Amino acid sequence: MDFNGSDTRSAPIPGPRTEDRLPHTAQAAVKIVIVGGFGVGKTTMVGSVSDIRPLTTEETMTQAGIGVDDNYGSDTKTATTVAMDFGRIGITEKLVLYLFGTPGQERFWFLWNRLFEGALGAVVLVDTRRLEVSFDVMGRLEERGVPFIVAVNSFPDAPRHPVEELRTALDLAEDIPIVECDVRRRASSKDVLLTLMRFLHSLALSGALV
């Protein structure tokens with residue numbers, strides 16, 4: 001029954017934005033996870049490099065997090081990822097990467113196993129001011145058998161160390177790449193992803209990637 005003054009026509013359901021559609025040339029899509037401790041720049045990296053408007057699950061940090069979440073002296077950080085960040089980038093006309101940024105706070109780590117499922121590789125973002133938070137991250141990736149590279153985010157006040165010193169401090173195997181980056185810059189973040197893809201390609205050629 002129609003009611004007076006009502007419009008029974010259904011509003012059209014909007015389709016995906018043109019810029020969000022997968023390129024017609026794409027032949028392969030690869031899942032990549034970006035992991036690291038709290039505040040190392042995972043959300044920033046996804047946002048800077050994504051070809052589409054990234055999906056984020058940031059929530060405002062409140063007084064309730066005091067004593068539970070450690071902001072590691074990041075007084076300017078007012079929001080934190082509570083589920084994941086998601087973005088997409090075309091590396092070539094045929095290859096697309098789906099990027100999943102994980103939450104950094106330890107109380108959300110239970111989500112990691114699900115996010116790691118189906119991932120071909122990972123980027124471990126580190127902050128040289130607190131390398132120790134990276135050990136659990138890398139340990140979880142190794143347990144899951146997810147190959148990874150290490151990207152050192154260049155914070156302005158963070159100390160710089162030679163790559164070999166970082167490799168020793170992180171107890172990394174010689175074949176795992178370590179690169180410096182500025183995740184605020186698209187070109188720098190893309191270089192990190194290209195390094196990961198080259199690493200995965202070398203593992204595939206050697207038979208180490210199954």
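Everything discussed here concerns the structure shown above.
Residues numbered from 1 in each chain as written. Predicted model: local features only at pLDDT ≥ 70, side-chain atom pairs only at ≥ 80, totals over all residues. Heavy atoms only, no water.

For sheets, the rule is that strands pair by backbone hydrogen bonds, running either parallel or antiparallel. An order of E4-E5-E1-E6-E7-E8 is seen for the six strands of this open sheet, with the pairing classed as mixed. The strands lining the two open edges of the sheet, one partner per strand, are strand E4 (85-90) and strand E8 (178-181). Put simply, the sheet's adjacent strands are angled 25° from each other on average, direction ignored. Two elements, strand E7 (residues 148-153) and E8, share four bridges in a ladder whose sense is parallel. Within E8, the position partnered with Val 150 by the bridge is Ile 178. Where helix H3 (residues 134-144) meets the sheet, its contacts fall on strand E1 (28-36), strand E6 (121-126) and E7, and the angle it forms with E6 comes to roughly 175°. (Pairing = 2+ DSSP bridges. Helix = DSSP H or I, 4+ residues; strand = E, 2+ residues; numbered from the N terminus. Axes fitted to C-alpha atoms, helices over the stretch in contact; angles between N-to-C directions. Contact = heavy atoms within 4.5 Å.)

Quick look at the packing of aromatic side chains now. For the structure on display, the rule yields two aromatic pairs. With a centroid separation of 5.9 Å and 20° between ring planes, the pair formed by Phe 86 and Tyr 98 is classed as stacked. Linking Phe 86 in strand E4 with Tyr 98 in strand E5 (residues 95-101), this pair joins segments that are twelve residues apart in sequence. Of the aromatic side chains, those joined through ring pairs into one cluster are Phe 86, Tyr 98 and Phe 100. (Phe/Tyr/Trp six-rings, centres within 6.5 Å; stacked < 30°, edge-to-face > 60°.)

Before going further, it helps to examine the pairing of E5. Counting buried residues along E5, six of its seven residues qualify, which places the element largely inside the surrounding structure. Of the pairings in the sheet, the one linking E1 to E5 comprises seven bridges and is parallel in character. Note that in E5 the partner of Ala 29 across the bridge is Val 96. Counted along the chain from E4 to the antiparallel partner E5, the turn is four residues long. (Buried < 20%, exposed > 50% of the residue type's maximum accessible area, 1.4 Å probe, protein only.)

On to the pattern of salt bridges. Counted by the stated rule, this structure contains eight salt bridges. Where Asp 127 meets Arg 129, a salt bridge forms, and the shortest distance between an N and an O atom there is 2.7 Å. Here Asp 127 falls in the buried class, since its relative accessible area comes to 1%. Close ionic contact of Glu 164 with Arg 167 constitutes a salt bridge, the shortest N to O distance being 3.7 Å. In this pair, Glu 164 and Arg 167 both sit in helix H4 (residues 163-170), three residues apart, roughly one turn of the helix. (Salt bridge = Lys/Arg side-chain N within 4 Å of Asp/Glu carboxyl O.)

Interpretation note: all reported values are geometric properties and have no functional meaning in isolation.
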